[in-house]
Amino acid sequence: MTLWSRLFGAGASRAIDERRWVVLDVETTGLDMHHDRLLAIAAVAVTFDDAATPCIALRDSFEAVLHHDSASTDKDNILIHGIGVGAQRAGAPPREVLTAFERWTGRSPLLAFHAAFDRTMIERAMKTALQRTANNPWLDLDPVARALHPRFGARALDDWLDHFGISCAVRHQAAADTLATAELLLRLWPVARQMQCASFVGLKELAENQRWLAGA
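What you see is a predicted model, and the numbers here were worked out from it, not measured in a lab. (Residues numbered from 1 in each chain as written. Predicted model: local features only at pLDDT ≥ 70, side-chain atom pairs only at ≥ 80, totals over all residues. Heavy atoms only, no water.)

**Overview of the packing of aromatic side chains**
Where two aromatic rings form a pair, the distance of their centres and the angle of their planes describe that pair.
Now for step 1: Per the stated rule, a full pass over the model turns up nine aromatic pairs.
Now for step 2: Plain terms: the ring middles of Trp21 and Phe200 are 5.7 Å apart, the flat faces sit at 80° to each other, and that makes the pair edge-to-face. Pair noted here: Trp21 is in strand β1 (residues 20–28) and Phe200 is in helix α9 (residues 200–215), with a separation of 179 residues, a long-range link.
Now for step 3: A relative accessible area of 5% places Phe200 in the buried class.
Now for step 4: Ring geometry for Phe62 and Trp104: centres 5.8 Å apart, planes at 35°, overall tilted. Of the two residues, Phe62 sits in strand β3 (residues 54–65) while Trp104 sits in helix α4 (residues 94–105), which places them 42 residues apart along the sequence. This pair shows no difference in class: Phe62 is buried, exactly as Trp104 is.
Now for step 5: Three or more aromatic residues link up through ring pairs in this structure, and these residues are Trp21, Phe48, Trp189 and Phe200.
Now for step 6: One residue, Arg20, lies across the ring of Trp104, its end atom 4.6 Å from the ring centre. (Phe/Tyr/Trp six-rings, centres within 6.5 Å; stacked < 30°, edge-to-face > 60°. Helix = DSSP H or I, 4+ residues; strand = E, 2+ residues; numbered from the N terminus. Buried < 20%, exposed > 50% of the residue type's maximum accessible area, 1.4 Å probe, protein only. Lys NZ or Arg CZ within 6 Å of the ring centre and 35° of its normal.)

See below:
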């Protein structure tokens, strides 16, 4: 049995691509998960070698802006994400973007910081444009980080980036945020190894336990 099989368990390869994880971030017209619209998706793959060591695969990335006829004109929101009215109208059709994203992700698990927001926005957009959602498993790095470094106890991504000295070229710009989040995963990995949870299944269980403890 390979190291990879021991880490993920027998049969895991039939469910997900254990050697390629996708870290992503979205930009939206606002922070209301149930009413605001998806503007852009950025994602980068994190790949693993035979020793289960992660590496950011910069050449294996995805970035797209979705077309909207009724573009968002909220100036405060545009100042944050930088996707102006012209860029929104010049974006690709949502069906085209989301089909391409679904194809690109393949069987890879999806990771994000505060992943519930990204997941809801992507799945809402997919239901509208494609009448379906992908079945990729998701992992939220927020509870993972808090479980691996309980003494720090931060909840904001900015705090974790500062803690590890991770630079982000343009905060709240999807591609830059995605790369910073992927770097955070790499910084968390050594402690995950020490705790013997350095696998998707292990981190997923760790995140669920952290949520349970936080709600207890």
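After that view of the structure, there is still more to cover.
**Concerning the confidence of the model for the protein chain**
Now for step 1: Per-residue pLDDT for the protein chain has a mean of 87; in total, 84% of the residues score no lower than 70.
Now for step 2: This stretch, residues 1–14, has a pLDDT under 50; its non-local contacts, to residues over four places away or in other chains, come to 21 contacts. (pLDDT = per-residue confidence, 0-100. Contact = heavy atoms within 4.5 Å.)

**A closer look at the side chain of Ser108**
Now for step 1: On the secondary structure map, Ser108 appears in the loop between α4 and β4 (110–112).
Now for step 2: By relative accessible area, Ser108 is classed as buried at 1%.
Now for step 3: There is a polar contact of 2.9 Å between the side chain of Ser108 and the side chain of Arg20.
Now for step 4: Discounting chain neighbours no more than four positions away, the residues touching Ser108 are Asp17, Arg20, Trp21, Val22 and Asn136. (Polar contact = N/O pair within 3.5 Å; in protein donor to acceptor, adjacent residues only side chain to side chain.)

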